[in-house]
Amino acid sequence: VLIATALMTLPPAACAQAPGEMAWDAIYTPDALPGESGWGVSQGENTSAEIVDGALRIVDAGAERMQLHCYSQRWGARPERGAIVRATVKLVDCTDRSGMCVLVADGVHEAALTLYPDRIALSNLDLEHAMDTTDDFHTYEIRIAGVSIEVWVDGTLAIDGWGRFTHPAHEGRRVVMFGSISSAATAEAYWREVRYVAHTIPVEPLAGAQHVVIYRR
């Protein structure tokens, strides 16, 4: 049985359901290291992770090849469905792009939000927002849908990337990553929580569209 359904319009990322209404697919809190909680681990030399005062402390002190420290999970995000990743982080330092970041990839597009001491940046999209990321824990929320991306900080829209989420996903990957994903950078941060949901846009046909069911013998 093949089912053909009319194409649906795709609302902007801001039109996805409010995060408070979500049933999150995964929530990481530092009761244990992420590798003990179902996350993949990429850990190079001169890097470390430990739990300190209820937060995951990641330190990347290396700037040579493969000296990085990050965690990843595959997810079911697709452009037409929308997705949200939320992380609560206090940065200590980050010297270069992707030194301490959250990366989202939906199989078609991807972007990495880098935390610098004086700003946050979607570096491969040339979008940034000035702020102090070191003064306290802040909650960063990345919302994606279609070719649009938004970054919210502590509940306020900080980066509006309407139509800018177009950088190709590496080898078509669908993944959430956090930590240091750059060999060249050094960085340190405390992570209090990471959570995500990979389907935020209700699937509703266009008004007047006909649902056609095709039977094949």
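Further up the page is the structure itself.
Parameters and conventions
Residues numbered from 1 in each chain as written. Predicted model: local features only at pLDDT ≥ 70, side-chain atom pairs only at ≥ 80, totals over all residues. Heavy atoms only, no water. Helix = DSSP H or I, 4+ residues; strand = E, 2+ residues; numbered from the N terminus. Buried < 20%, exposed > 50% of the residue type's maximum accessible area, 1.4 Å probe, protein only. Contact = heavy atoms within 4.5 Å. Phe/Tyr/Trp six-rings, centres within 6.5 Å; stacked < 30°, edge-to-face > 60°. Polar contact = N/O pair within 3.5 Å; in protein donor to acceptor, adjacent residues only side chain to side chain. Salt bridge = Lys/Arg side-chain N within 4 Å of Asp/Glu carboxyl O.

(A) Region of the structure containing the overall build of the chain. Tallying secondary structure elements over the chain gives zero helices and 17 strands in all. When the 217 residues of the chain are sorted by exposure, 47% land in the buried category. For the chain, restricting intrachain contacts to residue pairs at least 6 apart in sequence, the fraction spanning at least 24 positions comes to 70%.

(B) Main features of the packing of aromatic side chains. Counting across every chain of the model gives six aromatic pairs. For the pair Trp75 and Tyr196, a centre-to-centre distance of 5.5 Å together with 85 degrees between the ring planes defines the contact as edge-to-face. In this pair, Trp75 sits in the loop between strand 6 (69-74) and strand 7 (83-94) while Tyr196 sits in strand 16 (residues 187-197), placing the two residues 121 residues apart along the sequence. Each member of the pair, Trp75 as well as Tyr196, is classed as buried. Relative to Trp191, the ring of Phe178 lies with its centre 5.0 Å away and its plane at 50 degrees, an arrangement referred to as tilted. Here Phe178, found in strand 15 (residues 174-180), pairs with Trp191, found in strand 16; they are 13 residues apart in sequence, far enough to count as distant. Like Phe178, the residue Trp191 is buried in the burial classification.

(C) Molecular detail of the environment of Glu128. Mapped onto the fold, Glu128 is located in strand 11 (residues 127-130). Glu128 sits in the exposed class, given a relative accessible area of 54%. Residues Glu128 and Gly161, 33 residues apart in the sequence, show an inter-C-alpha distance of 9.9 Å. Discounting residues that sit within four places of it in the chain, Glu128 has contacts with Arg119, Ile120, Ala121 and Ile159. One polar contact links Glu128 to Arg119, side chain to side chain, over a distance of 3.5 Å.

(D) Expanded view of the pattern of salt bridges. For the structure on display, the rule yields eight salt bridges. Across the pair Glu141 and Arg143 runs a salt bridge, and its minimum N-O distance is 2.9 Å. The pair formed by Glu141 and Arg143 is uniform in burial state, with each residue classed as buried. A salt bridge links Glu193 to Arg195; the shortest N-O distance between them is 2.9 Å. As far as the burial class goes, Glu193 and Arg195 line up, both buried. Taken together, the shared-partner salt bridges in this structure form one network comprising Glu50, Arg57 and Glu188.

Taken by themselves, the reported measurements are silent on function.
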